[in-house]
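Observations on the model geometry
As a plain string of letters, each chain reads:
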Amino acid sequence: MLDKLLNENIYNAVFADRSESEVTELRMRAGKPLSFAVKGEYLTADGVIVTYDDIEHTIGMASKHSVYAVNDSIAKGYIVCGEGYRIGLCGEGVMKEGRLFTLKNITSLCLRVPHEIKGCCESIAVIFENLDNTLIISPPGLGKTTMLREAARLVSRRRNVLVLDERGELIPVDGGRICVETGQMCDVASNIPKLIAYETLVRTMRPDVIVTDEVFGEREVRAICDISRCGVKVFASLHAEKLEQVFASEIYRPLCGIMRYFVTIEAVGKGGKLYDKGSGGCLNW
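From a predicted model like this one, the values you see are computed outputs, not experimental measurements. (Residues numbered from 1 in each chain as written. Predicted model: local features only at pLDDT ≥ 70, side-chain atom pairs only at ≥ 80, totals over all residues. Heavy atoms only, no water.)

Focus: the packing of aromatic side chains
- Going through the model one piece at a time under the given rule, you end up with three aromatic pairs.
- Seen from their ring centres, Tyr11 and Phe15 are 4.8 Å apart, and the 40 degrees between their planes marks the pair as tilted. Note that Tyr11 and Phe15 are positioned in helix H2 (residues 8–15) at a spacing of four residues, about one turn of the helix.
- Cation over ring: Lys96 sits above Phe101, and NZ or CZ is 4.8 Å from the ring centre. (Phe/Tyr/Trp six-rings, centres within 6.5 Å; stacked < 30°, edge-to-face > 60°. Helix = DSSP H or I, 4+ residues; strand = E, 2+ residues; numbered from the N terminus. Lys NZ or Arg CZ within 6 Å of the ring centre and 35° of its normal.)

Section: the nonpolar core
- In this structure, Leu89 and Leu111 are the most contacted members of the largest nonpolar core, which totals 31 residues.
- Look past the residues within four positions of Leu89 in its chain and what remains in contact with it is Ile59, Ile74, Gly77, Tyr78, Ile79, Leu103, Ile106, Ser108 and Leu109.
- Core analysis: the next-biggest nonpolar cluster, separate from the first, contains 28 residues, Ile224, Leu243, Leu255 and Phe262 among them. (Core = buried A, V, L, I, M, F, W, Y, C linked by side-chain atoms within 4.5 Å. Buried < 20%, exposed > 50% of the residue type's maximum accessible area, 1.4 Å probe, protein only. Contact = heavy atoms within 4.5 Å.)

Re the confidence of the model for the protein chain
- Within the protein chain, residue pLDDT values average 93, and 100% of them lie at 70 or more.
- Here strand E9 (residues 173–174) stands out as the element of the protein chain with the lowest mean pLDDT, 84, in contrast to strand E12 (residues 209–212), whose mean of 98 is the highest. (pLDDT = per-residue confidence, 0-100.)

Considering helix H6 (residues 144–155)
- Across its 12 residues, H6 extends 16 Å between first and last C-alpha, which sits within 8% of the 16 Å expected from 1.5 Å per residue.
- Counting buried residues in H6 gives 11 out of 12 residues, a clear majority hidden from the surface.
- In this fold, the buried residues of H6 make contact with helix H5 (126–129), strand E7 (134–138), strand E8 (161–165), E12, strand E13 (233–239) and strand E14 (261–265). (Expected span 1.5 Å × (residues − 1).)

What follows is the structure, encoded as structure tokens:
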């Protein structure tokens, strides 16, 4: 997929001597050197300066050369394409009737490369043995989505799992085809605003477990707490540097009241800590 999304010079600069599985992110800024992340460390491609043509090529391929078809997504600052590739966009905003209508003159792209890593949850297997509400915490880019993707696969082997994937990158779906392995009891709701999905799909699909990425804002926190009250287990992720910040937040503190397990990720591929509120224990993983 990346060989189609990227101009040949960009692709070769990054992947001539490494596989796509090693790279987690590419940063393309017009007139600036190409940079990319490998295991959390940013590297620069020697002698490669990103051009506007490089950026336009990627946007064109990601939108299948129809930016109007994906304009609602562009107005939110991203495009999701193919098998869960999310491309963040930065440029000039166009306002219409007091709201952001679209972006033009795009100058920067942040391309997140999805990964499916089976076995990445082995060190925290206890959360599957005693299935209960679980919150995965880390700053952006350290692997929360990858871990949630594996959790959904494992749990949906024996429980009805509903994945709420508002941006289409947790469990990628391309043309109705699920692009990663899931258990036989997994349902995926893609590109549906999560607040709507919480209100409707929880009733109609009757899940045992909901898996959702990047909880944001007071309304979503209230929805998750209400779902938990109904007896549905929740696996979710949240951007924060450490658990104490969640407890200290007026908005996110209610999550601490319903979650049993808190998983923190300290660095890409370097584990973190597992807090079990039920036993009061803490495990390095």
